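Residues per chain, in single letters:
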Amino acid sequence: MRTEIRMAGFGGQGIITMGKILGRAAVIYDRRPAVLTEDYGPEKIGGWSKADLVLSDEEIQYPLVDRLDIFLALSQDGYEMFHHTLRVDGQALFESDLVNPEKGWKQRTTFIPALQTASDMGKKVVANIVMIGALVELTQVVSVKAAKKAILDSIPKGTEDLNEAAFSKGRELAREEGG
Amino acid sequence: MTGEHFMKGDEALVEGSIAAGCRFYAGYPITPSSEIAERMAWRMPLVGGDYIQIEDEMGSLAAVIGASCAGAKAMTATSGPGFSLMMEHIGLAIMLEAPCVVVDIQRGGPSTGLPTLMSQGDMMQARWGSHGDYEMVAYAPGTVQEMFDFAIKAFNTAERFRVPVLVMGDQIVGQMTARLVIPSEEEIEVSYRPLPDVPPEEYSPADVSRLVPPMVLPGEGYGLHMTALTHDEFGYPETSASRQESLVPRLIRKIKENEQDIVEYEERLLDDAEVGLVVYGSMKGPGWEAVQAARKEGIKAGILRLITPWPFPREPVERLSERVAAILVAEVNMGQMVHSVREYARCPVHHLGHPGGRIFHPDEILRALRKVIT
């Protein structure tokens, strides 16, 4: 089965890091093919940023996303630019404080207060890890074990506890919000 | 670095180059090849090599050629606009017989064009961009793994024949991240240029019995002059028609007479094929998916993937054209490699082209295949 995920936000939120962590979790630890492509608006600091991840059980031939199964937005811009690429039966994950979908938005959506949660933990930068926790809990696109290992591979030494806590918190939030 | 990685294509190319023995990089960063320069700046000092950021692309390739003449395996990487600037020195590397690798991570052109988006628009420039007569070797990787593997091939071919060798990547394969397996050092075969097999006092460059003459390196007592002018065996300029006739054909024969050895391609599902799809580089994956989809609806399609667009795999194309009713060439340009396919094919050849900015979706190729057979 092929799963297409798009993560969108602005530069500095760790969007591409999210893609790298999830792709690494799939390839290195779950031992499934994954291809990551990334793109960003280079015109200004804090411009839009996106990471596209294709996961599959077979070798991936076409590396780009076509119809999203999962769409994750961490900024209003990210939402507005790409929300139309989500399939009708797709799953959306939005940052509660940063994304307001338009009236009539119908797709299955879970709102995650990732930024507030990360702030409460003392480090806003782990908001992306909170989102990864929520995504993994809701969709099982990668295993919890693989995600944890890939996170530990990708973060600075000395921040292991913080990131593990952020990941767990994200899973909890998804269980609460995703119902 | 032996083991399994989740790595970007541009970075995989760096690791392949290092595994092949590259210890000198000079370049000027340009999207979408900049990750190569970035990783080289970090990796070269760690492996005892040198990294220099040069003022422009002409200087970059000049430095690479200098390093090569001093004995180093050397490379540079760029994209369209920089590739244009490098054309003059590609000729210099051919004339000096200085082995080196030039990587072009293609983006949309002409000119500044589409800095962040893919294209295969430099394929003919790769073959004919420098002035004068010469043969060219170019590899076109289609996956992250091939960015690693073909970098090694490129260095080995460059060293064996003392020629510049091109790696014609593109923004898709350069900037996508996927699985990469780096084998152990013992598993990687590495070539080095032929060196003189006699001591300096017995050495004479006048022996041109070998198509690829031994390369002398400075500091070892061998004497040789080097010039970009047409030259005699000692390297001294001799600008005459007769000297040109002995030098230039030999430079061409180095590749021509070893074509069987150099040319690489991949054939799939061609045995009973009625239509042949020809692709290269990043079009490998979408092409293969399209051929499989065509088979599912009863279209007997097969695929010929060019691993070396140059030298052009003419025999496989000839063979293919005798087997199928028609060939479709799918490439992200307005018609480049299709010309070479037409030169050797004995059946109708159709073209699916795009000016750049995106890769073809397998469905688009499938639609074109349907049209070709009706």
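In this text, all values refer to a predicted model and were calculated from it rather than measured experimentally. (Residues numbered from 1 in each chain as written. Chains lettered and ligands numbered in written order. Predicted model: local features only at pLDDT ≥ 70, side-chain atom pairs only at ≥ 80, totals over all residues. Heavy atoms only, no water.)

### Re the domain arrangement of chain B
Residue and element names in this part refer to chain B.
Here is step 1: Assigned domains within chain B: domain 1 (3-187) and domain 2 (264-373).
Here is step 2: Here domain 1 and domain 2 have C-alpha centroids that lie 26 Å from each other.
Here is step 3: Facing the 25 residues of domain 1 at the interface are 24 residues of domain 2.
Here is step 4: Between domain 1 and domain 2, roughly 1,900 Å² of surface is buried when both sides are summed, and carbon and sulfur atoms account for 57% of that area. (Domains from an automatic or database assignment. Contact = heavy atoms within 4.5 Å. Buried area = accessible area lost by both parts, 1.4 Å probe.)

### Quick look at the sheet that holds strand 12 (residues 301-306) of chain B
Residues and elements named next belong to chain B.
Here is step 1: Spatially, 10-12-11-13-14 is the arrangement adopted by the five strands of the open sheet, whose pairing is mixed. Two strands close off the open sheet at either side, each with one partner strand: strand 10 (265-268) and strand 14 (349-353). Neighbour to neighbour, the strand axes of the sheet diverge by 20° on average, direction disregarded.
Here is step 2: Bridging between strand 11 (residues 275-280) and strand 12 involves six bridges; their strand directions are parallel. Residue L277 lies in a different strand from strand 12, and its bridge partner there is I303.
Here is step 3: Helix 10 (residues 284-296) contacts strand 10, strand 11 and strand 12 of the sheet and is inclined by roughly 165° relative to strand 12. (Pairing = 2+ DSSP bridges. Helix = DSSP H or I, 4+ residues; strand = E, 2+ residues; numbered from the N terminus. Axes fitted to C-alpha atoms, helices over the stretch in contact; angles between N-to-C directions.)

### Things to note about the layout of surface pockets
Rolled over the atoms, a probe with the dimensions of a water molecule shows which regions are left empty.
Here is step 1: Estimated volume of the largest pocket: approximately 620 Å³.
Here is step 2: Considering the residues around the largest pocket, the lining is formed by 30 residues, among which E38, D39, K50 and L64 of chain A together with Q171 of chain B are closest to the centre.
Here is step 3: Elements with a contribution of two residues or more to the lining of the largest pocket: strand 2 (34-40) and strand 3 (48-55) of chain A together with helix 2 (34-46), strand 6 (114-118) and helix 7 (171-175) of chain B.
Here is step 4: A total of four residues in the lining of the largest pocket trace back to one element, the largest contributor, which is strand 2 of chain A.
Here is step 5: Its residues assigned to classes, the lining of the largest pocket comprises eleven nonpolar, nine polar and ten charged.
Here is step 6: Mapped onto the domain boundaries, the lining of the largest pocket takes at least three residues apiece from domain 1 (3-187) and domain 2 (264-373) of chain B. (1 Å grid on protein atoms, 1.4 Å probe; cavity = no way out; pocket = protein on both sides within 12 Å on 5 of 7 lines; lining within 4 Å. Points joined across faces, edges and corners; volume = space filled by probe spheres on them. Nonpolar A, V, L, I, M, F, W, Y, C, P; charged D, E, K, R; others polar.)

### Details of the nonpolar core
Here is step 1: By size, the foremost hydrophobic cluster in this structure holds 86 residues, and its most contacted members are F71 of chain A together with I36, M75, V103, L277 and I365 of chain B.
Here is step 2: The biggest single contributor to this core is helix 6 (residues 144-161) of chain B, with ten residues.
Here is step 3: Residues lining this core come from more than one domain, with at least three contributed by each of domain 1 (3-187) and domain 2 (264-373) of chain B.
Here is step 4: Those residues in contact with M75 of chain B, other than ones at most four positions away along the chain, are L13, S17, C22, F24, Y25, A26, I36, M40, V64, V101, V103 and F155 of chain B.
Here is step 5: L96, V324, V341 and A345 of chain B belong to the second largest nonpolar core, which has 51 residues in total. (Core = buried A, V, L, I, M, F, W, Y, C linked by side-chain atoms within 4.5 Å. Buried < 20%, exposed > 50% of the residue type's maximum accessible area, 1.4 Å probe, protein only.)

### A word on the interface of chain B and chain A
Here is step 1: Between chain B and chain A, the contact holds 18 residues from the first and 17 residues from the second.
Here is step 2: Applying the counting criterion to the chain B and chain A interface returns two salt bridges.
Here is step 3: The partner of E38 of chain A in a salt bridge is K8 of chain B, and the shortest N-O contact between them spans 3.2 Å.
Here is step 4: Our count for the contact surface shared by chain B and chain A stands at five residue pairs in polar contact (both at pLDDT 80 or more).
Here is step 5: At the level of elements, strand 1 (3-8), helix 7, strand 9 (177-182) and helix 10 of chain B are the ones that each hand at least two residues to the side of chain B that touches chain A.
Here is step 6: When the residues that make up the side of chain B that touches chain A are grouped by side-chain class, the tally is nine nonpolar, five polar and four charged. (Salt bridge = Lys/Arg side-chain N within 4 Å of Asp/Glu carboxyl O. Polar contact = N/O pair within 3.5 Å; in protein donor to acceptor, adjacent residues only side chain to side chain.)

### Focus on the pattern of salt bridges
Here is step 1: Scanning the entire structure with this criterion turns up 37 salt bridges over all chains.
Here is step 2: When the shortest N-O distance is used, the salt bridge between R2 of chain A and E4 of chain A registers 2.9 Å.
Here is step 3: The class for E4 of chain A is buried, based on a relative accessible area of 5%.
Here is step 4: Note that K153 of chain B and E264 of chain B form a salt bridge whose closest N and O atoms lie 2.8 Å from each other. Residue K153 of chain B is located in helix 6, and its partner E264 of chain B is located in the loop between helix 9 (259-262) and strand 10; the two are separated by 111 residues in the primary sequence.

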